[in-house]
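# Notes for the structure review
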Amino acid sequence: MQSKRERKIEREILWVLGLLAAIIVVYLVASSLFSSFNSFTYNGLHFTKERLDSIQLFHYNYFFKGADNKVYKYNLYLRHDPRTNDVPISGDKIKFTKPYTSYISVDSDGLQECQYSAIAIGGLAGFLRDNQIPVQGALRDFQQANAQQKDWITCDNKPANPVIEIFSGNKTQITIDKNCYRIEVANCEILQAVEKFQIQTILDA
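What counts and what doesn't
- Residues numbered from 1 in each chain as written.
- Predicted model: local features only at pLDDT ≥ 70, side-chain atom pairs only at ≥ 80, totals over all residues.
- Heavy atoms only, no water.
- Pairing = 2+ DSSP bridges.
- Helix = DSSP H or I, 4+ residues; strand = E, 2+ residues; numbered from the N terminus.
- Axes fitted to C-alpha atoms, helices over the stretch in contact; angles between N-to-C directions.
- Disulfide = S-S within 2.5 Å.
- Salt bridge = Lys/Arg side-chain N within 4 Å of Asp/Glu carboxyl O.
- Buried < 20%, exposed > 50% of the residue type's maximum accessible area, 1.4 Å probe, protein only.

Before going further, it helps to examine the sheet that holds strand β5 (residues 89-91). The strand order β5-β9-β10-β8-β6-β7 describes an open sheet built from six strands, whose pairing is mixed. Each edge of the open sheet carries a strand with a single partner, namely β5 and β7 (135-139). Recorded for the sheet is a direction-independent mean angle of 20° between the axes of neighbouring strands. Two elements, strand β8 (residues 163-168) and strand β10 (residues 180-185), share six bridges in a ladder whose sense is parallel.

Next comes the structure, spelled out in C-alpha cells:
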C-alpha cells in the first residue's frame, strides 16, 4: 500500500509530465503557425519567405532533368511577392524551343535610369542559363546596336528563335506571340515584369 509521501510524489510526477506535454503541444502549434506565416502557395508553387540582411526574398525551388538526363535543382529568389505582382500577361504560353538560342534584346532608352535594370536583366539571363536554355544578349534598336557593335535582334528578324524584347513603354505588361516575348516597362517596374515572366515560364513549363 502506497504511503502519502509516495502518492504525493506520484501526483507531482504526473503534474510535471502533464506540464511537459502541454508545453510540447503549445510549441508544435506555435511552430506550425510561425511556419504558415513564412510560407504560402501561389498557383501550386510553394514559396517561403526569407531575409537577406534588410531584403525580403521569396524563395521557390524545383527539380528538372537536363539534356544529359541528370537531375538538377534550381532555386528561384524573388524580391516581389508573386501574389501581389499584378503585371498582366497576354497571348500564348511561354515555351523555349531547344536547341535554338534565345535572345534577350534590350532597348536601353528609358531603362538606363532604372535602379534595378541590371539586376533584372542579369537575373533573367541567369535564370535561362541555369535552366539550360542557351541565351545571348542583344540590342533592340538598330542604331544602338550599330554604334556599340552588338547584335541587332528583334522578334521580326529572328522569327525562329525565342526573342525576349525588353523596352520602356506606357504600361508595364508582357505580350507573348509564339516565339516573341515583349516585356514593356513603365515607371521602372522592370524587376516586377521580369519576375512575373520567370514565374509564368515555370508555370507554363
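Scanning all chains against the criterion turns up two disulfides. The disulfide partner of C114 is C188, and the S-S distance across this bridge is 2.2 Å. The sign of the S-S torsion, about -75°, decides the handedness of the disulfide formed by C114 and C188: left-handed. A residue pair is termed long-range when its members are at least 10 positions apart, and C114 in the loop between β6 (102-106) and α2 (117-130) and C188 in the loop between β10 and α4 (190-204) qualify at 74 residues. Between the sulfur of C155 and that of C180 lies a disulfide, 2.1 Å long from S to S. For the disulfide bridge between C155 and C180, the dihedral angle about the S-S bond is near 80°, and by the sign convention the bridge is right-handed.

Oppositely charged side chains can pair when the atoms bearing their charge come close. Enumeration according to the criterion identifies four salt bridges in this entry. With a closest N to O distance of 2.8 Å, E165 and R140 form a salt bridge. Placement of E165 in strand β8 and of R140 in the loop between β7 and α3 (142-148) is noted, with a sequence separation of 25 residues between them. Among the ionic pairs, R182 bridges to E165, the shortest N-O distance being 3.2 Å. In this pair, R182 is assigned in strand β10 and E165 in strand β8, connecting sequence segments 17 residues apart. For R182, a relative accessible area of 30% corresponds to the partly exposed category. Shared partners join several salt bridges into a network, and the residues in it are D107, R140, E165 and R182.

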